[in-house]
Amino acid sequence: MNADRDSAGWLAPLASAPAAVSNRAGRSASSSRSSQPRDRAVDTIRAVAIAGVVLGHWLVTGLVLGPGGGIDQASPLSALPSFAPVTWVLQTLGLFFFAGGYAAARSRRPLHRRLPRLVLPVAGFGALWTLALVVAAMAGVPGVTLDTVGTLVVSPLWFLLPFVALLALTAPLRRAGPAAAIPAVAVVALADAGLGWLPLTVLAAWLVPYTLGMALAAGRLTGRGTGLAMLVGGAVAMAVLIRWLDYPMSAVGVPGDGRSNLSPPSLFTIALGTAQIGVALLVRPWLDSRPTPRPVAVLNRAAMPIYLWHQSALIAVVAGMAWLTAGRPVPGLHTAPESLTWVGARMLWFPVFATVLATACTVFPAVAGRVDTARRPIGQVGAAGARGVR
């Protein structure tokens, strides 16, 4: 996930295909350069977070054609448990909320002006998919396919409620400072012990990186020692939780396992996010010294459309190829994710997914979110922090 200027690869369509996205991003970046300085490191952290979410979903979402032509979901993590450490890199939601807390702390836009830019694109996206699923059901699409598609479309939208709640809590969290993370960790620990309430657990878990992002904006997380302490502390906590407290090794849920680190988020999720933030703080001075690469700018400004449509791009390619091949399984798309061969085949499809995703972000801008941050630096993306839309 190195966001370099020359990163053509699978990211190229997102950086160049949708002219309405990338050209506007470039113009906005140049126009804002003279107004106030950007935080290039947070720009990159936000881009890495959204790229991690997309890549992670594309890599662990196996879709298998059944004998009746239906599409069911499977996970390569079930057959490849040694693949679990890869999820430590691709499960970047801690960085997502960290960047969001940073942006919220620096924004002066009131909450009632932020919410429409977050809620309306989600509502439009949901309405379009509801209509599509109703039409598909009337056309006789198998029920298992409808269930799979509905789950893939809806599942990424969980972030809306905790993020809105954290936005509403920004002012008291600013007054409390990083100390607010202490009771939040205690809430998650109680939930891990079976004494939690799901909505409160989710809010508490993501409050931790959100609060740390606010602390960075306030200038409280400075020096290499802070980053190193967070990296080492988070990594040691992860090792202890896995080795002695029987937490799963995977950062995301694995079908068939009795416990998940992500649903609801556990102490392992907090430890992983802390370690990732520690890495971000360590490399922040170097990132601040470099020009913002174009892919980073695009991912920042188009983050909400990308987040909304990335699973739809996967579904479109899988369903489209099933139709074109008359139901014959295509490696990496419809075959069981049971080997590293499948992983390699799936990664070869990433450029196709990215091209379809870029097209969706261009064709449905009014639904996915207006990709326009003119007159605002990337590091100041108000409402959703990690979503980067104006």
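Note that this is a predicted model, so its numbers are computed, not measured. (Residues numbered from 1 in each chain as written. Predicted model: local features only at pLDDT ≥ 70, side-chain atom pairs only at ≥ 80, totals over all residues. Heavy atoms only, no water.)

Draft legend 1. Representation of the packing of helix α3 (residues 40-60) against helix α18 (residues 350-363). Following both chains from N to C, one finds α3 and α18 inclined at 125°, their axes separated by 12 Å at the closest point. Taken together, the axes of α3 and α18 are oblique relative to one another. Read as a crossing pair, α3 and α18 show a hand that is right-handed. Contacts between α3 and α18 involve Leu55, Trp58 and Leu59 from the first element and Phe350, Phe353, Ala354 and Leu357 from the second. (Axes fitted to C-alpha atoms, helices over the stretch in contact; angles between N-to-C directions. Helix = DSSP H or I, 4+ residues; strand = E, 2+ residues; numbered from the N terminus. Parallel < 35°, antiparallel > 145°, perpendicular 65-115°, else oblique. Left-handed = near helix turned anticlockwise from the far one by under 90°. Contact = heavy atoms within 4.5 Å.)

Draft legend 2. Just the pairing of strand β1 (residues 62-65), in detail. One ladder, built from four bridges, connects β1 with strand β2 (residues 71-74); its direction is antiparallel. Bridge assignment links Gly62 to a residue of β2, and that residue is Ala74. Following β1, the chain reverses through five residues before pairing antiparallel with β2; Gly69 in that reversal takes a positive phi of roughly 90°. (Pairing = 2+ DSSP bridges.)

Draft legend 3. Looking closely at the layout of surface pockets. By volume, the largest pocket is sized at about 980 Å³. The wall of the largest pocket is formed by 38 residues, among which His57, Ser155, Trp158, Leu262 and Ser263 lie closest to the centre. Breaking the lining of the largest pocket down by element, the ones donating at least two residues are α3, β2, α5 (86-90), α8 (143-154), α9 (160-168), α12 (198-217) and α16 (303-324). Tallied by class, residues from the lining of the largest pocket come to 24 nonpolar, 14 polar and no charged. (1 Å grid on protein atoms, 1.4 Å probe; cavity = no way out; pocket = protein on both sides within 12 Å on 5 of 7 lines; lining within 4 Å. Points joined across faces, edges and corners; volume = space filled by probe spheres on them. Nonpolar A, V, L, I, M, F, W, Y, C, P; charged D, E, K, R; others polar.)

Draft legend 4. Region of the structure containing the packing of aromatic side chains. The full count for this structure, using the stated rule, is 14 aromatic pairs. Residues Phe96 and Tyr307 carry aromatic rings whose centres are separated by 5.6 Å and whose planes lie at 50° to one another, so their mutual orientation is tilted. You can see Phe96 sitting in helix α6 (residues 93-106) and its partner Tyr307 sitting in helix α16, a full 211 residues away along the chain. Residues Phe96 and Tyr307 agree in their burial class; the two are buried. Considering the side-chain rings of Phe97 and Phe163, the 5.5 Å spacing of their centres and the 40° angle between planes classify their relative orientation as tilted. Taken together, the positions of Phe97 in helix α6 and Phe163 in helix α9 put the pair 66 residues apart, joining distant regions of the chain. (Phe/Tyr/Trp six-rings, centres within 6.5 Å; stacked < 30°, edge-to-face > 60°. Buried < 20%, exposed > 50% of the residue type's maximum accessible area, 1.4 Å probe, protein only.)

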